[in-house]
Every structure is written in structure tokens, then in C-alpha cells.
Amino acid sequence: MSWLDTVRAAAEAVRAHRLRSVLTMLGIVIGISSVILTVGLGQGAQDEVEDQISALGSNLLSVSPGSSTDASGMRGGFGSASTLTLADAAAIADTDVVPDAAAVAPTSTTSTSVVAGETNWTTSLIGTTASWLDVRARTLDSGRFFTAAEVADGADVVVLGPDTAGELVARGSPVGETVRIDGNALTVIGVLAPSGASASGTSEDDVALTPIGTAMRVTGQTPSSVSTIYVEATSGTTLTAAYQEVEALLLNLHGLASADADFTNATQDSLVATANATNETLTILLAGIAAISLLVGGIGVMNIMLVSVTERVREIGLRKALGATPTAIRRQFLVEASLLGLVGGLVGVVIALVGAAALPALIGQPVSVSALATAAALGTALALGIGFGVYPASRAARLTPIDALRSE
Amino acid sequence: MSAIIELESIRKTYRSAAVEFEALRGVDCTIQAGEYVAVVGPSGSGKSTLMHLLGCLDNPSEGRYHLAGEDVSTMSEAGLAEVRNRRIGFVFQQFHLLASLPAWRNVELPLVYAGVPRSERRERALAALDRVGLADRVDNRPGELSGGQQQRVAIARALVTEPSLLLADEPTGNLDSRSTADVLGLLDELHAAGRTIVLITHEHDVAARAGRRLVIHDGEIVADHLAGAIA
Ligand SMILES: Nc1ncnc2c1ncn2[C@@H]1O[C@H](COP(=O)(O)OP(=O)(O)O)[C@@H](O)[C@H]1O
Ligand SMILES: [Mg+2]
């Protein structure tokens, strides 16, 4: 029996029991589409984090308080518990001690309400120094950033992120207007340009920046403790050297051995790795659950193929009487099972692609489906069909024509 | 004349969990090419068992079977499948047609397993259906045909590979008298055209058409009559 005839016979058998075939494929369809979608969601989240972190700039080191290396320590901001101080930042800025640092910007971040006229908006208040703009590779849309002199004086000035400005002032430029934070009047001197970091609505564009002394005064924080110190290396090639210099300096200042470090010094790469490790764990967990549903789908194929063999004992016997070899029978049932797997897989891929197109709008999460993952899913569906078809097919092949013909 | 079937002390024992049953107890018999043989005997005497062995659908428990000079009692499953495909045509009491396929697709099945190309298969299937008088029913499914027509489709299927041996197990057992006459007429024609036919039946008027009658009883051949010897 030729392969073409075998495939045709299998397709006819699948079509002859349309409803049953569709229900059998459903398991594969659900399994394949959920595997593709969960992996796509994980990949999408990972891409987004990478985008955000790379928007920080490639020469950037960030030093945060606490020794934690997990994701929660990444953003720092332990407030009064901070182990980093303005003195640390000043020491890093000393080019004799850290020659590979081009600029240093300590930041102190708190959540606070900003009031403009009748409007009240909660945002991140970042107290920092004049070098923040360069270190974070940001630009201004209008107005100017605060100067070193204003930082030294703790001047009552504020620079708004573009989203914050939009929320507080409906029309026109807010530059020159006065806003209030905890009753303190601050003059808006500039508005940042959008950060360009991937998805809109990230905190990068919803901020209010003031000189660090001003921020500590209006929010009543422990003087001199900071949440993150950003250090810009002189170039991408000196990043590692700068990292080691900062590490050695801070350990020395704090009088600690490196195992007891009370701060976390991270490059952009290590931030990406940390964020990805978390994402990956979640993705693997979800994909694992999806894979189990795929396995259940495969068992469904086997179940139906076994039922089919039992039901078609008479047909199998007749085919054998007419000259079908055991090999021809085994092949026919294997091809039938693979067909169920393959068609189920194809439908699953289509559903996953439709889902990947529709989901971001529904749940606000990016989904990135790769061709490789799709091909792998299809291959898996086919392999499942074949794998779970082997046993039913060999049962069919072993039937003797007599038992088969007598069965009625 | 050459012998197409040679059976030597064939025994067949059915074994199931607790019971053993000897359905054939030493059958010796030779059938020449071109003979028309009827096997008669009461129900349960072993006629179908004998036909299954003759048709290479089952192996004897003991004894030797030569089909057209070839020892088939020791052949592999795949080898037997090829022998069945090439040398033997079957007609069963229950027709055994595939309900989902139209008549011509049922008839072409043996050619599919013989590896005949598709276009030639259809041509030969249509010719065989024409031969049994069903040229106008080639696209009907078995459910749309009468019992007699279904059995004629089955005969067309048995003929399509041009086998030298035709085995029919009670082919008229489920048919009315008109259809019986049709089917028996067809078998007569095929015999006249030179085919060897072994016909199993328990009806004496059916057996009377054959040139030779083997009477089987409790798994043994108890009489072997040539036509005219009894009448
Ligand atoms: N697969 C089997 N297992 C056990 N006994 C069987 C089997 N097939 C047939 N028999 C027994 O063998 C005997 C002969 O059966 P069979 O050849 O079908 O008789 P006939 O066709 O002459 O009516 C019967 O008694 C039957 O019950
Ligand atoms: Mg019988």
C-alpha cells in the first residue's frame, strides 16, 4: 500500500467520525495554544523588562542599599533604612578614587502628592543632583534642569516628567507655574522629554525631580540617606573597571568584607539577568502546566485510537483477509493518530496567533510569539500523535483476521 | 491437471482460557485446479474452520498445507497476506463490505494492497462490477444496495485480482431465492471460465451445482462424492 493511499485512508477515517475527531483534537488544540501563549507572554514580559533596563543607558551602574541580589532588591528605595548616604555618592564622584566614573547622581525616591491649583496627582518625587540628566541619558522638552548651585542651596524648583506635567496642567507649558508638595511651593523650571522606554505609562515619564536637599526637606526624610546612586562610566569598555572601583570604595568606606556588603552594585546586564531569572521561573512554571495539558491531549488521542481499533475490528480483519500486511495496518493507524495530532496542532497554532494578536489589547501585556516556538509546538503535536498512536496501531496490527472476522 | 490444494493430516485445535476444542481432526484432501467443490455438513462441523485454513486466514495446529505447490503452513504473517492477496478471492455469508465506501472503492481494496496504481484500480474495479451486472451501481454505498447486490459487489471484489482460487463460505445463506440463483449462476460462470471454487454450504440444492462434494462431520471428512456418483 503506497503512502499516498495510506494518508488518504487515514484522512477518510478521521472524516468519517467527524465529531469524535474534533473532540479528540480539542485536547491537542488547547495544549498547543496554551503552551505557545504562555511562552509568548513570558517572552513578551522579558522583552519589556529588557527594553526598560536598556533605556537606562549602557554605561550605567546602579548602586542600591541592601545586599539582596533578588528582584526585590533591584529597585532599592528602603527609605530611612538605607545604608547608602550622600557621603558615599560624594566619594564615588572623586575622580582620584574612581577614575572611570564620568558622573554620579545620587537619588532619593518617595511617593508623594503634587498639587497644582485644584489638581492633585500622586507621583514619584526624585531628589537628585544636576548630573542626573546626563547620567540617565534624558533630555528636556521645555525649560531647563536645575543647576549645581540650586542643588547646593536646596532651591525650591522642580522638573516634571511629561506624563506628570500633562496630568497637572491641562493646557500650555507648566514652566513658570508653581506647584505644592506638602505645603511647600516649588517653581516648575522644566519638563522632561518622553523617555522612549518601551510601553507607555511606565514610571520613567511620571516623575517630579527636585534638588536632593529640597526633596528631603519637603518629605521630611532622614537627611543624607539615598535610595539609588547612579554612576555613569566613562565608556562601555571601562564599565567593569568602574564597577570594581565603586565596589572597593564602598566596602572600604563601610568597613566591610565583600561577603557582608550592605549595598548592591549592578550593571545593566546584571539587572537584566536578575529580572529575566524571575520571569523565566514564572514562564517555565506556566509552560509546564500547559505542557501537562498537552500530555493529557496526547492521552486523549491514544484513548480514541484504542476505541477506534476496537470498533473497527471487523474492518481490520477484512483488510487483512484482502491482503493487508500487519505493517500496512500499523501504518494506517499511526498515520491516523499523527493526522489528529498535526491538525490539532495547526488549529492550536492558529488560535495562539489570534490570541497573541488580541491579548495585548485585553490584558495590557505584550505577547511575543517566535517562529521557532511555533515550529517546536507543531513538531510536539505531531510527535504526540505518533507517540500515543504506537500502542493502538500495534494492537490493530496484531489482530488475526479470523478473530476480527468472527467478531459479531 | 495440477493440484492447487493439498491438505495432509490437518488438525485445528481452538484453545481458550479453560477449554480446548478440536474443530478439525485430521483432514487429508487434494483439490485439482479448475474443480468446483462443495463442502457440506451440519452447523458446527468445522466447515468455516476448514475454509479459514484454506484461505490462509489461520494456521493449522498440525499438518501440512500446500497451496499451488507452496507450503503455506510455515509462512510469516506478511507472507500469508501476500498469498491471500494474489491467489485467493473470498466471499463471506455476511458480505463484509465497508459501509463507508461506495461499491467501486470496496472492489478496488485488494488492488490497493497489491500496489496497483490508482487509475488502473478504478478501471479494473469497474470492469469487475460490470462482470457481476452492477455497472450502474458503482457509486452506491452498501447500505443503498439489496442483499443480493451486496453479495455481487463482494464477488466482484473477490474477482478483481484474478485469483485462481475462490473461497465462498455460505455465500447464499443470507439471500432470498432469486438472489441465490443470481449468485450461484455467477459461480457457475466463473467455474466455466476455469477458476477453482470451494463453496461451503449446508443446503443440498446449492451443493448439487458443484462437481464434487466433501461431507464433513465433527471435524472429519466422512465422504467425498464426485457428481453423478450420488444423484
Ligand atoms: N475461535 C474459536 N474458539 C473456540 N471454538 C471455536 C472457534 N471457532 C470455531 N469454534 C468451534 O469450532 C467448531 C467448528 O466451527 P465452524 O468451523 O465455524 O463450524 P461450521 O462453519 O461448520 O458451522 C464449532 O463447534 C465452534 O464452536
Ligand atoms: Mg460456518
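Since the model is a prediction, treat every value here as computed from it, not as a measurement.

Go over helix α5 (residues 147–159) of chain B with me, naming the residues and quoting the values.
Its 13 residues give α5 of chain B an end-to-end C-alpha distance of 18 Å, which sits within 8% of 18 Å, the value for a rise of 1.5 Å per residue. Buried within α5 of chain B are the following residues: Gly148, Gln149, Gln150, Gln151, Arg152, Val153, Ala154, Ile155, Ala156, Arg157, Ala158 and Leu159 of chain B.

Summarise the sheet that holds strand β4 (residues 62–67) of chain B; cite the residues concerned and give the values.
All names here are of chain B. The 4 strands are arranged β2-β1-β4-β5 in an open sheet whose pairing can be described as antiparallel. Strands with a single pairing partner mark the edges of an open sheet, and in this sheet they are β2 (20–32) and β5 (70–71). Summarising the sheet, strand β1 (residues 3–15) and β2 pair through 10 bridges and their orientation is antiparallel. In the strand pairing of β2, tyrosine 14 is matched with phenylalanine 21. Against the sheet, helix α1 (residues 47–54) engages β1, β2 and β4, with an angle of about 125° to β1.

So, the site of ligand 1: which residues are in play, and what are the values?
Taken together, Arg406 of chain A together with Tyr14, Phe21, Ala23, Pro42, Ser43, Gly44, Ser45, Gly46, Lys47, Ser48 and Thr49 of chain B make up all the residues around ligand 1. What surrounds ligand 1 is not a single chain but chains A and B. One of the side-chain N or O atoms of serine 48 of chain B is found 2.7 Å from an oxygen atom in ligand 1. Look at ligand 1: alone it shows 560 Å² of surface, and the protein chains cover 68% of it. Mapped by element, the contributors of at least two residues to the shell around ligand 1 are β2 and α1 of chain B. Element by element, the count of residues in the shell around ligand 1 is highest for α1 of chain B, at 3 residues.

So, the sheet that holds strand β3 (residues 36–40) of chain B: which residues are in play, and what are the values?
Residue and element names in this part refer to chain B. Taken in spatial order, the 6 strands of this open sheet run β6-β7-β8-β3-β9-β10, and their pairing is mixed. The open sheet terminates on both sides in strands that have one partner only, identified here as β6 (88–91) and β10 (220–226). Strand-to-strand twist of the sheet, defined as the mean angle between neighbouring strand axes without regard to direction, takes the value 15°. Contacting β6 and β7 (165–169), helix α2 (residues 77–87) runs over the sheet at an angle of about 80° to β6. Sitting on the sheet, α5 is in contact with β6 and β7, with an inclination near 170° to β6.

Outline unusual backbone geometry, supporting the account with residue identities and numerical values.
Glycine aside, the phi torsion of most residues is negative, and most peptide linkages are trans. One non-glycine residue, alanine 137 of chain A, lies in the positive phi region at around 55°. In this fold, alanine 137 of chain A is placed in the loop between α5 (132–135) and β4 (140–143).

I'd love a proper account of the packing of helix α10 (residues 268–311) of chain A against helix α12 (residues 326–363) of chain A, names of residues and values included.
Packed helices, taken two at a time, are described by the angle between their axes plus the distance between the axes. All names here are of chain A. Orientation of α10 relative to α12, taken along the N-to-C sense of each, is 145°, at an axis distance of 11 Å. Regarding α10 and α12, the two cross each other, and that crossing is right-handed. In this structure, α10 uses Val301, Met305, Ser308 and Val309 to contact α12, whose residues at the interface are Phe333, Glu336, Ala337 and Leu340. Each residue belonging to the contact of α10 with α12 can be placed in one class, and the counts come to 6 nonpolar, 1 polar and 1 charged.

Talk me through the side chain of threonine 374 of chain A; I want residue IDs and the actual numbers.
Residues and elements named next belong to chain A. Among the secondary structure elements, threonine 374 is positioned in helix α13 (residues 371–398). There is a polar contact of 2.9 Å between the side chain of threonine 374 and the backbone oxygen of serine 370. Apart from residues no more than four positions distant in its own chain, threonine 374 is found in contact with Ile36, Val349 and Val369.

Account for the nonpolar core, naming residues and giving values.
Ile5, Leu7, Tyr65 and Leu67 of chain B are the most contacted members of the largest nonpolar core, which totals 69 residues. A per-element tally of this core places α12 of chain A first, with 9 residues. Residue contacts for leucine 7 of chain B: discarding those within four places in its chain leaves Val27, Asp28, Cys29, Leu50, Leu54, Arg64 and Tyr65 of chain B. Core analysis: the second largest hydrophobic core is formed by 38 residues, Phe95, Leu111, Val183 and Leu187 of chain B among them.

Got a sec to walk through the pattern of salt bridges? Specific residues and values, please.
Scanning the model with the defined rule gives 24 salt bridges over all chains in all. Its salt-bridge partner being arginine 87 of chain B, residue glutamate 70 of chain B comes within 3.7 Å of it at the nearest N-O pair. Separated by 17 residues along the polypeptide, glutamate 70 of chain B in strand β5 and arginine 87 of chain B in helix α2 bring together distant segments of the chain. Residues arginine 124 of chain B and glutamate 120 of chain B are paired through a salt bridge, measuring 3.2 Å at the closest nitrogen-oxygen approach. With a gap of 4 residues between them, arginine 124 of chain B and glutamate 120 of chain B both fall in helix α4 (residues 118–131), about one helical turn apart. Salt bridges sharing common partners tie together Asp5, Arg8 and Glu12 of chain A together with Arg105, Glu108 and Arg121 of chain B.

Which residues make up α4 of chain B, and what are the values?
What sets the pattern is the α-helix's 3.6 residues per turn: residues three or four places apart point alike. Its 14 residues place the ends of α4 of chain B 20 Å apart at the C-alpha level, agreeing with the 20 Å of an ideal helix rising 1.5 Å per residue. Those residues of α4 of chain B not exposed but buried are Arg121, Ala125, Ala128 and Leu129 of chain B. Taken around the axis of α4 of chain B, the buried residues stretch over an arc of 100°, which confines them to a single face. Of the exposed residues in α4 of chain B, the ones pointing more than 90 degrees away from its buried face are Ser119 and Glu123 of chain B. The inward-facing, buried residues of α4 of chain B contact α1 (3–16) of chain A together with α3 (103–114) and α5 of chain B.

Parameters at a glance
- Residues numbered from 1 in each chain as written.
- Chains lettered and ligands numbered in written order.
- Predicted model: local features only at pLDDT ≥ 70, side-chain atom pairs only at ≥ 80, totals over all residues.
- Heavy atoms only, no water.
- Helix = DSSP H or I, 4+ residues; strand = E, 2+ residues; numbered from the N terminus.
- Expected span 1.5 Å × (residues − 1).
- Buried < 20%, exposed > 50% of the residue type's maximum accessible area, 1.4 Å probe, protein only.
- Pairing = 2+ DSSP bridges.
- Contact = heavy atoms within 4.5 Å.
- Axes fitted to C-alpha atoms, helices over the stretch in contact; angles between N-to-C directions.
- Near = heavy atom within 4 Å.
- Polar contact = N/O pair within 3.5 Å; in protein donor to acceptor, adjacent residues only side chain to side chain.
- Areas by Shrake-Rupley, 256 points an atom, 1.4 Å probe, with all protein chains shown as cover.
- Left-handed = near helix turned anticlockwise from the far one by under 90°.
- Nonpolar A, V, L, I, M, F, W, Y, C, P; charged D, E, K, R; others polar.
- Core = buried A, V, L, I, M, F, W, Y, C linked by side-chain atoms within 4.5 Å.
- Salt bridge = Lys/Arg side-chain N within 4 Å of Asp/Glu carboxyl O.
- Arc of directions from axis to C-beta.

These figures come from the coordinates and say nothing about function on their own.
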